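Results of the structural survey
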Amino acid sequence: MIPIMQHRHLNHQDFTLAAIDDVISRGKMGDWEDLRAAVMNDSRLAEKVLCVCRPYAGERYAQRHHFWEQYVQGRGRTA
């Protein structure tokens, strides 16, 4: 069984804004796969991912956040 990512300073496993940021920043491939599956099943979650990623738009080295922003936009899951 694959262990579920334990988020820093969080006592739940929900995809809140803080949890999404933690998965993007510190997550491994399995964590990203879980987030990807959740985004594909819930368009509201895609909007949360964009909310997390937008503040990093001007940060050159925030490549993980840039990737997720592009991924979600490319999926056409947001308005």
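Small disclaimer: the values here were computed from a predicted structure and weren't measured. (Residues numbered from 1 in each chain as written. Predicted model: local features only at pLDDT ≥ 70, side-chain atom pairs only at ≥ 80, totals over all residues. Heavy atoms only, no water.)

1. Some thoughts on the overall build of the chain
- If you tally the helices and strands in the chain, you get four helices and zero strands.
- Reading the secondary structure of the chain in the N-to-C direction produces α-α-α-α.
- For the chain, contacts bridging at least 24 residues in sequence account for 45% of all contacts bridging at least 6.
- Here the chain has roughly 5,400 Å² of accessible surface; of this, 53% comes from carbon and sulfur atoms. (Helix = DSSP H or I, 4+ residues; strand = E, 2+ residues; numbered from the N terminus. Contact = heavy atoms within 4.5 Å. Areas by Shrake-Rupley, 256 points an atom, 1.4 Å probe, with all protein chains shown as cover.)

2. Re the packing of aromatic side chains
- Counting across every chain of the model gives five aromatic pairs.
- Relative to Phe 67, the ring of Trp 32 lies with its centre 5.5 Å away and its plane at 15°, an arrangement referred to as stacked. In this pair, Trp 32 is assigned in helix 2 (residues 29–41) and Phe 67 in helix 4 (residues 63–75), connecting sequence segments 35 residues apart.
- Note on Phe 67: relative accessible area 42%, which makes it partly exposed.
- When the ring of Trp 32 is compared with that of Trp 68, the centres are 5.4 Å apart and the planes differ by 75°; the resulting orientation is edge-to-face. On the criterion of sequence distance, the pair formed by Trp 32 in helix 2 and Trp 68 in helix 4 is long-range, its members being 36 residues apart. For the pair formed by Trp 32 and Trp 68, the shared burial category is buried.
- An aromatic cluster is built from Trp 32, Phe 67, Trp 68 and Tyr 71, whose rings are joined through pairwise contacts. (Phe/Tyr/Trp six-rings, centres within 6.5 Å; stacked < 30°, edge-to-face > 60°. Buried < 20%, exposed > 50% of the residue type's maximum accessible area, 1.4 Å probe, protein only.)

3. Considering the environment of Val 23
- Among the secondary structure elements, Val 23 is positioned in helix 1 (residues 17–26).
- C-alpha separation for the pair Val 23 and Asp 34, spaced eleven residues apart in sequence, amounts to 9.4 Å.

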